[in-house]
Amino acid sequence: MKKIGVLTAGGDCPGLNVVLRGIMKTALNNGIEVVGFRDGYKGLLEGDVMNLNRENTSGLIHRGGTILGASNKTNTFAIPEKQEDGSIIYVDKSDECVERMKDMGLDCLIVIGGDGSLKSARDYGLKGINVIGVPKTIDNDIVGTDITFGFNSAVTTATEAIDKLHTTAASHDRVLILEVMGRDSGFIALESGVAGGADVILIPEIPYDIEKVVEKINTRRSRGRNFSIVVVAEGAKPIGGDVFVKKIVADSPDQIRLGGVGNQVAEEIEKRTGMETRATVLGYMQRGGSPTAYDRVLSTLYGSTAVELAMQGKFNVMVAMKDNKLTTVDLDEVAGKDTAIGAPSSNRKGVALDSDLLQTARRIGIGFGDDQ
Ligand code: F6P
């Protein structure tokens with residue numbers, strides 16, 4: 001193992017720089033050269049590279065974002081090309097990328113990314129490239145690992161936000177809604193909701209009945225609790241209804257961007273209870289800033305282990321955490337799952353309805369907008 005390529009693909013998330021640091025330190029200690037591609041797969045496609053060294057990867061332990069840049073728009077297997085008549089055709093440019101990696105003399109490519117990026121990684125593996133994946137996303141929705149790096153930081157940010165909403169909700173006797181990210185998985189909402197002491201948590205895995213949400217708020221009111229906190233995952237939807245789509249990003253492999261459910265839920269609650277109800281959308285705060293101590297440790301484990309696997313010649317796998325043990329899972333098992341919005345739930349990693357945390361949340365009286 002002489003030369004490793006690395007890219008940070010998809011949306012950014014706290015811990016990316018720490019993974020790069022873990023890769024770099026391990027590589028340096030083993031005489032391995034590391035080259036980064038800028039802006040994820042875009043850099044691979046365009047040959048935009050950055051040599052990583054001791055200098056440019058030092059001081060990264062607490063830095064959010066990624067020094068390599070990230071993009072969730074480039075799928076090298078289907079690059080949109082506008083035709084003269086205005087129509088778009090999708091061109092597979094992966095062979096060009098394979099040639100580039102061979103010309104550069106790369107012995108391995110480490111892809112730090114989410115479900116879509118890891119699918120491309122799997123496909124480069126099928127084309128003969130030695131690939132290793134590192135599971136990145138605040139959403140924690142990657143199949144094959146119990147935990148992705150970035151998730152804990154996002155939950156921590158959301159929890160801090162709930163703490164702040166709590167004091168103002170109590171001062172004003174209001175219902176305050178916090179809309180959090182997570183695409184079609186409810187992990188961020190569930191964990192931050194429990195950690196922040198939410199009264200109601202709405203997650204994509206449990207379609208909600210607004211009347212049940214109102215019931216919960218009214219019950220609290222009858223006990224003299226004149227405020228309530230509702231955490232809503234951006235992918236939450238009413239029973240029989242659909243997710244709230246904020247926009248369609250045409251040039252992105254995964255085009256749907258969710259958003260808007262928080263305001264909708266706020267309006268409905270205000271209408272039904274007469275209580276002043278306001279929504280806050282936490283948005284990109286969840287992806288920015290310093291990683292938590294937990295994420296720094298996890299990212300270091302993942303980054304360093306990816307290089308260790310490369311040295312052992314163990315390719316086409318993703319580094320993973322299962323039952324608190326560092327392990328690997330075949331990229332094929334990860335990429336075979338379509339986690340896109342609307343995919344069958346059997347193909348997704350979401351909150352299990354029998355999970356300990358969900359059951360506990362119910363036991364302590366948190367409402368989920370359903371009958372239970
Ligand atoms: O997957 C991470 C994530 O932050 C989701 O939680 C969110 O739905 C999406 O990315 C937002 O994507 P974009 O950065 O394109 O708005």
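Right above here is the structure, for reference.
Residues numbered from 1 in each chain as written. Predicted model: local features only at pLDDT ≥ 70, side-chain atom pairs only at ≥ 80, totals over all residues. Heavy atoms only, no water.

Our next topic: the site of the ligand. Taken together, Asn72, Ile138, Asp139, Met181, Gly182, Arg183, Glu234, Arg257, Tyr284 and Arg287 make up the full set of residues adjacent to the ligand. Within the side chain of Glu234, an N or O atom sits 2.5 Å from an oxygen atom of the ligand. Within the side chain of Arg257, a nitrogen or oxygen atom sits 2.5 Å from an oxygen atom of the ligand. Bound to the protein, the ligand loses 82% of the 400 Å² it would expose on its own. When we break the shell around the ligand down by domain, the ones giving at least three residues each are domain 1 (3–149 + 291–335) and domain 2 (155–287 + 352–363). (Near = heavy atom within 4 Å. Polar contact = N/O pair within 3.5 Å; in protein donor to acceptor, adjacent residues only side chain to side chain. Areas by Shrake-Rupley, 256 points an atom, 1.4 Å probe, with all protein chains shown as cover. Domains from an automatic or database assignment.)

Turning to the sheet that holds strand 14 (residues 317–322), a few remarks are in order. Backbone-to-backbone hydrogen bonds join strands into a sheet, with any given pair of strands oriented parallel or antiparallel. Here we have 7 strands laid out as an open sheet, ordered 3-2-1-6-7-14-15, and mixed in their pairing. Of all the strands in the sheet, just strand 3 (49–52) and strand 15 (325–330) have a single pairing partner and so form its edges. Taking each pair of neighbouring strands and ignoring which way they run, the sheet shows an average axis angle of 30°. Note: strand 7 (residues 131–135) against strand 14, 2 bridges, orientation parallel. Note on strand 14: the bridge partner recorded for Gly133 is Met318. (Pairing = 2+ DSSP bridges. Helix = DSSP H or I, 4+ residues; strand = E, 2+ residues; numbered from the N terminus. Axes fitted to C-alpha atoms, helices over the stretch in contact; angles between N-to-C directions.)

Looking now at the side chain of Thr159. Looking at the element boundaries, Thr159 is found in helix 5 (residues 151–172). Judged by relative accessible area, Thr159 falls into the buried class, the value being 12%. Only 2.7 Å separates the side chain of Thr159 from the backbone oxygen of Val155, close enough to count as a polar contact. Not counting chain neighbours up to four residues away, the residues in contact with Thr159 comprise Ser192, Ala195 and Gly196. (Buried < 20%, exposed > 50% of the residue type's maximum accessible area, 1.4 Å probe, protein only. Contact = heavy atoms within 4.5 Å.)

Here we take up the pattern of salt bridges. Taken as a whole, this structure holds 21 salt bridges when the rule is applied. As a salt-bridge pair, Glu81 and Lys93 come within 3.0 Å of each other at their nearest N and O atoms. Of this pair, Glu81 sits in strand 4 (residues 79–82) while Lys93 sits in the loop between strand 5 (88–91) and helix 3 (94–103), and the two are 12 residues apart along the sequence. Taking relative accessible area as the criterion, Lys93 reaches 19% and is therefore assigned buried. The closest approach of N and O atoms between Asp115 and Arg183, which form a salt bridge, is 3.8 Å. Of this pair, Asp115 sits in helix 4 (residues 115–126) while Arg183 sits in the loop between strand 8 (175–180) and helix 6 (187–196), and the two are 68 residues apart along the sequence. We classify Asp115 as partly exposed; its relative accessible area is 23%. Taken together, the shared-partner salt bridges connect Asp115, Asp141, Arg183 and Asp254 into one network. (Salt bridge = Lys/Arg side-chain N within 4 Å of Asp/Glu carboxyl O.)

Peptide bonds are mostly trans, and most non-glycine residues show a negative phi. The phi dihedral of Asp39 falls on the positive side, at around 55°, and the residue is not glycine. Counting through the fold element by element, Asp39 comes out in the loop between strand 2 (33–37) and helix 2 (41–46). Its identity as a non-glycine residue notwithstanding, Asn324 has a phi of 65°, on the positive side. Position of Asn324 among the secondary structure elements: in the loop between strand 14 and strand 15. When its relative accessible area of 73% is taken as the criterion, Asn324 is described as exposed.

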